[in-house]
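Take a look at the letters that make up each chain.
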Amino acid sequence: MEEKAVNMKQEILAGLTAFFAVSYVIIVNSMILAEAGIRPELSVFGTILISVIGCLAMGFIGKVPIVLTTGMGVNSFFTYTLVYSLKLTWQEALAASFCASLIYLVVACTPLAQILIEAVPESLKHAITAGIGIFLVLVGLENGGIIVRGEHTFMELNSFQSPVLLLTLASLVITLILLLKNVQGSFFIGIIVTTLFANIFNLVPKTDSLFSLSAITEYPQIVGKMDFSSILSTKFILGTFSLAMILIFESMGLFNGLLPDLSDKQFKRAFRVNGFVMLLSSVLGTSPTIPAAESSTGIQQGGKTGRTAVTVGILFIVAFFAIPLLTYIPSSALAPVIIITGCLMMQNIQHLNLNDLSDWFPAFLMIVLMAFSMSISDGLAFGFVSYPIVKVIVGEGKKISKPMWMISFFFLCYLIAKIWI
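In what follows, the accompanying structure is described.

Conventions adopted
- Residues numbered from 1 in each chain as written.
- Predicted model: local features only at pLDDT ≥ 70, side-chain atom pairs only at ≥ 80, totals over all residues.
- Heavy atoms only, no water.
- Helix = DSSP H or I, 4+ residues; strand = E, 2+ residues; numbered from the N terminus.
- Rg over C-alpha atoms; globule rule 2.2 N^0.38 Å.
- Lys, Arg positive; Asp, Glu negative; His and termini not counted.
- Charge placed at Lys NZ, Arg CZ, Asp CG, Glu CD.
- Salt bridge = Lys/Arg side-chain N within 4 Å of Asp/Glu carboxyl O.
- Buried < 20%, exposed > 50% of the residue type's maximum accessible area, 1.4 Å probe, protein only.
- Phe/Tyr/Trp six-rings, centres within 6.5 Å; stacked < 30°, edge-to-face > 60°.
- Axes fitted to C-alpha atoms, helices over the stretch in contact; angles between N-to-C directions.
- Parallel < 35°, antiparallel > 145°, perpendicular 65-115°, else oblique.
- Left-handed = near helix turned anticlockwise from the far one by under 90°.
- Contact = heavy atoms within 4.5 Å.
- Nonpolar A, V, L, I, M, F, W, Y, C, P; charged D, E, K, R; others polar.
- Patch = residues over 30% accessible without salt bridge, like charges linked within 9 Å, V, L, I, M, F, W, Y side chains within 5 Å.
- Areas by Shrake-Rupley, 256 points an atom, 1.4 Å probe, with all protein chains shown as cover.

Details of the overall build of the protein
Step number 1: From N to C terminus, the protein includes 17 helices and four strands.
Step number 2: What you see for the protein is a C-alpha radius of gyration of 21 Å, in line with the 22 Å of a compact globule of 421 residues.
Step number 3: Summarising its shape, the C-alpha atoms of the protein cover approximately 65 × 55 × 55 Å along the three principal directions.
Step number 4: Charge centroids of the protein, computed over 22 positive and 22 negative side chains, lie 7 Å from each other.

Written out as structure tokens, the structure reads:
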């Protein structure tokens, strides 16, 4: 993954594809944080700014085609667990996020990171990639209006009278044809064609945008507003520990899943870059950063170096001045890219030993629970907790390393903590 034999056109196309696939974060992250009490028209600047810093840092320093931006599962934990369940103020939640990021950084800058990654069995590593893949498939199916919440089931196929579903299916066919014909920039072309078609025929609902560049003068109201007054309270410590667990292992799993061929040196570098950016996110008034699963859309489009991440960072800068325009890109244009990418990531199932249930079952739990709980961190927890249990049952407990026992114990604590949070 070192930067050599670079095809700049391919890297830029990969960056464009990855940006459009992840651009929804700008609006959605701000709206989720709004429920925690942070004004969305201000937090949007924090979201964009930390994404710019994260992508440029990952490109220039990490030298890998990974998009660093605020994590969707992490921002939900910030709002619905730290603020709603634990009753922290958003200022205290930012402080807890800062402390959790410090713990992450300690792990990233010590031998602990390498010890942890080497302790993870190969079956679980492949399950992480496949699990993120099926997670993305479900996200794409939902965002594209192909599946909806059912009246008697938790999901069902949407009505074929839905223009959103029909537009998504048409976009999926176009994108898939371009991909199978090996057309360079197939994902990006699919997004542009679908966006133009949707707007020409008024298939995108027009709404007044809440966001305006003029609000940037008020942005300092949420910068550096961390409140450490309750740092010794049980709720603060519990929230910080749980968030740290999610950040460490979800990031580790995403790096491994997105770039399984990373060398030890490259992994350490990228992992540490995320730690420093993550720490800065709390200062800028937003939730922590993680490697975006949507980075895989750029990687599948041919992104191989940090130039892909730099391209995304530059596009996030442009987004400062074009936030309202992003609302013109329909979810139907982005959903096929996410669905196809998830499908390609699920190929890692072929590396699992389906003849050994003690290997296969924990991996299976991890994969399906990432998807059906719609939480990468919950899927990781069930996979890591079940692995040693199954191995002990079949008499292979001695093969489990001490670091693996430690990881499983931490994830067990995380699951137990969910009783209170």
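Text resumes after the structure shown.
Concerning the pattern of salt bridges
Step number 1: Taken as a whole and judged by the stated rule, the model has six salt bridges.
Step number 2: In this structure, K125 engages E122 in a salt bridge whose closest nitrogen and oxygen atoms are separated by 3.5 Å. Within this pair, K125 and its partner E122 are both found in helix α7 (residues 122-143), separated by three residues, close to a single helical turn.
Step number 3: On the basis of relative accessibility, which here comes to 17%, the residue K125 falls in the buried class.
Step number 4: For K391, the salt bridge goes to E396, with nearest N and O atoms at 3.1 Å.

Overview of the packing of aromatic side chains
Step number 1: A complete count under the given rule lists 17 aromatic pairs for this structure.
Step number 2: Each ring, one from F154 and one from F372, has its centre 6.2 Å from the other, and the planes form 80°; the classification is edge-to-face. With a gap of 218 residues between them, F154 in the loop between β2 (147-148) and β3 (156-157) and F372 in helix α15 (residues 357-372) connect regions that are remote in the sequence.
Step number 3: Judged by relative accessible area, F372 falls into the partly exposed class, the value being 48%.
Step number 4: Their ring planes at 5° and their centres at 5.3 Å tell us that F384 and F411 sit as a pair that is stacked.

Things to note about the environment of Q347
Step number 1: With respect to the helices, strands and loops of the structure, Q347 is situated in the loop between α14 (331-345) and α15.
Step number 2: We classify Q347 as partly exposed; its relative accessible area is 45%.
Step number 3: Sequence separation of Q347 and A36 is 311 residues, and the distance between their C-alpha atoms is 38 Å.

A word on the packing of helix α5 (residues 90-108) against helix α11 (residues 264-283)
Step number 1: Following both chains from N to C, one finds α5 and α11 inclined at 165°, their axes separated by 8 Å at the closest point. Taken together, the axes of α5 and α11 lie roughly antiparallel to each other. The chirality of how α5 crosses α11 is left-handed. Listed contacts from α11 to L94, S97, F98, S101, L102, Y104, L105, V107 and A108 of α5 are F271, R272, N274, G275, F276, M278, L279, S282 and V283.
Step number 2: Across the contact of α5 with α11, the residue classes break down as twelve nonpolar, five polar and one charged.

Notes on a nonpolar patch on the surface
Step number 1: On the surface, a nonpolar cluster with roughly 580 Å² of combined accessible area is contributed by I192, L196, F197, I200, F201 and L203.
Step number 2: Within the secondary structure, F197 is located in helix α9 (residues 186-200).

Looking at the environment of L243
Step number 1: Position of L243 among the secondary structure elements: in helix α10 (residues 234-258).
Step number 2: Separated by 161 residues in the primary sequence, L243 and L82 have C-alpha atoms spaced 9.0 Å apart.
Step number 3: Discounting chain neighbours no more than four positions away, the residues touching L243 are V74, F77, L82, A96, S97, A100 and P288.

Structural notes on the environment of M346
Step number 1: Residue position: M346 is located in the loop between α14 and α15.
Step number 2: Taking the C-alpha atoms as reference, M346 lies 14 Å from L259; in sequence the two are 87 residues apart.
Step number 3: Setting aside chain neighbours within four positions, we find M346 in contact with A130, G133, I134 and V137.

A few points about the packing of helix α8 (residues 163-180) against α9
Step number 1: Across the interface, α8 lies against α9 with an axial gap of 9 Å and an inter-helix angle of 150°. In terms of their interaxial angle, α8 and α9 are classed as roughly antiparallel. For the element pair α8 and α9, the recorded crossing hand is right-handed. Only S186, F187, I189, G190, V193, T194, F197 and A198 of α9 make contact with α8, whose side of the interface consists of L167, S171, I174, T175, L178 and L179.
Step number 2: Of the residues contributing to the contact of α8 with α9, the split by class is nine nonpolar, five polar and no charged.

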